[in-house]
Amino acid sequence: MATPQGARGTARPATTSPHPATDKAPLILSGATVVLPTGTVHNGRVIIDGTRIIGAAPENAHVTDVTGHWLIPGFVDIHNHGGGGASFTSGTADDVVRGIHTHRLHGTTTLVASTVTGDMDFLAQRAGLLSELAEQGDIAGIHFEGPFISPCRKGAHSEELLRDPDPADVRKLIDAARGQARMVTLATELPGGIDSVRLLAEHGVIAAIGHTDATYEQTVEAIDAGATVATHLFNAMPALGHRTPGPIAALLEDERITVELINDGTHLHPAALQLAFHHKGPDRVAFITDAMDAAGFGDGRYMLGPLEVEVSDGVARLVEGGSIAGSTLTLDRAFKRAVTIDQLPVEDAVAALSANPARLLGMSDRVGSLEPGRYADLVLLDADFELKGVMRRGEWVVDPQLG
């Protein structure tokens, strides 16, 4: 099933009320294994008052027993193109909201909407629509993946629409986003790439190295210029070589870089994931979905920008050429895979799904942990790491029906 192709739309009312109910009694979720930045607390509790987590329990608080469960922060996805049959690149505002809600049902309480390569005027138009949703609090900002990427490593991007990262064009997208641009993926070895990295850094926008054919030396130059993220490390870049190490070695060795990983079992071999964690440590990895329309929706034919995609057994590939075209991943699946198949410590997986991407977005004071003062964004899991409840801003998105 193809997604709607309209590029226009008017932003709708926010999916989270700007005026949360204040007559609800504070809530104590008690007895869970709670993952905090300082460590894991057994038989712990999280206290919620309105939209926030608080440190001390008021006398009128309602206690809900969640013994036998895990409580972890809501997931933060910094690279996501859609879900629920809806595209962030080509759908209407209502389509975008439907995609956002699909991922919330799977634990993603903070989401950056990603575009794919398109005509500059079209992308500027999309930025206007998405910025309204960001201003309303539905999304945490915009990530432009393309058109400033290498034709040698284009993946599921339309080659005829690619262009060099001229700083003037990069600035056009930043301006169109009205302060809501969070990240731009660039092949920094292309003409204008280094100057564009500096421009992004000056404007507080993440410069991400990706879809690149850069050498090791060119990647180091981009990092020194201000790049701080590796877009889906290992994918859409030269493989690691012992004589020509390419971008992967430079991105793994530099502590200034946080690497995105797509942990769906298709994009990465488990050994590649372990290699990334070994070199970066748990504080410099961000799990992402790179999801497209089919996430949470099913197999079939879809459009990713102007390109047709076939999704079969949950794997998305271009109809023409067969290149992997994003994923159908949701972050609850990425988390469960990380702690069960990859055998990562739960604390490291939580950091990669919540704290680290929140830090990149400059939102650590609001999301990414269960510390007092943060939004009451959390995920409740059973002992087998199956999702049972999702709360966003103090309201259950997925109600665990615990009484």
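Structural data are supplied above this passage.
The model shown is predicted, which means the values in this text are computed figures rather than measured ones.

J.: Whenever I open this one, the nonpolar core confuses me. Can you help?
T.: Nonpolar side chains in soluble globular proteins generally cluster together in the buried interior. Counting 94 residues, the largest nonpolar core has Leu233, Leu261, Phe287 and Phe335 as its most contacted members. If you look at the next biggest cluster of nonpolar residues, it comprises 14 residues, including Leu27, Val46, Leu370 and Ala376.

J.: I would appreciate a short explanation of the pairing of strand β16 (residues 300-304) in the present structure.
T.: On any regular strand, side chains alternate: one points to one face of the sheet, the next to the other face. Taken across its five residues, β16 has four buried, putting it largely inside the fold. Judged from the five bridges that link them, β16 and strand β17 (residues 307-312) form a sheet pairing that is antiparallel. Across the sheet, Leu304 pairs through a bridge with Leu307, a residue of β17. What sits between the antiparallel neighbours β16 and β17 is a turn of two residues, in which Gly305 has the positive phi angle 65°.

J.: What is the right way to read the environment of Ala358 from this model?
T.: Here Ala358 shows up in helix α9 (residues 346-360). Exposure remark for Ala358: the relative accessible area of 0% places this residue in the buried category. As for Ala358 and Ala295, which are separated by 63 residues in sequence, their C-alpha atoms are 22 Å apart. With near-sequence residues (within four places) excluded, Ala358 lies in contact with Val76, Met363, Ser364, Val367 and Gly368.

J.: Explain the packing of helix α5 (residues 216-225) against helix α6 (residues 246-253) here, please?
T.: A pair of packed helices can be characterised by two numbers: the angle between their axes and the separation between those axes. For the pair α5 and α6, interaxial distance at closest approach is 7 Å and the crossing angle is 40°. Here α6 runs oblique to α5, going by the angle between their axes. As for the relative orientation of α5 and α6, their crossing is right-handed in sense. For the pair α5 and α6, contact is made by Tyr216, Thr219, Val220 and Ile223 and by Gly246, Pro247, Ala249, Ala250, Leu251 and Glu253, respectively. Looking at side-chain class alone, the contact of α5 with α6 contains seven nonpolar, two polar and one charged residues.

Scoring rules and cut-offs
Residues numbered from 1 in each chain as written. Predicted model: local features only at pLDDT ≥ 70, side-chain atom pairs only at ≥ 80, totals over all residues. Heavy atoms only, no water. Core = buried A, V, L, I, M, F, W, Y, C linked by side-chain atoms within 4.5 Å. Buried < 20%, exposed > 50% of the residue type's maximum accessible area, 1.4 Å probe, protein only. Helix = DSSP H or I, 4+ residues; strand = E, 2+ residues; numbered from the N terminus. Pairing = 2+ DSSP bridges. Contact = heavy atoms within 4.5 Å. Axes fitted to C-alpha atoms, helices over the stretch in contact; angles between N-to-C directions. Parallel < 35°, antiparallel > 145°, perpendicular 65-115°, else oblique. Left-handed = near helix turned anticlockwise from the far one by under 90°. Nonpolar A, V, L, I, M, F, W, Y, C, P; charged D, E, K, R; others polar.

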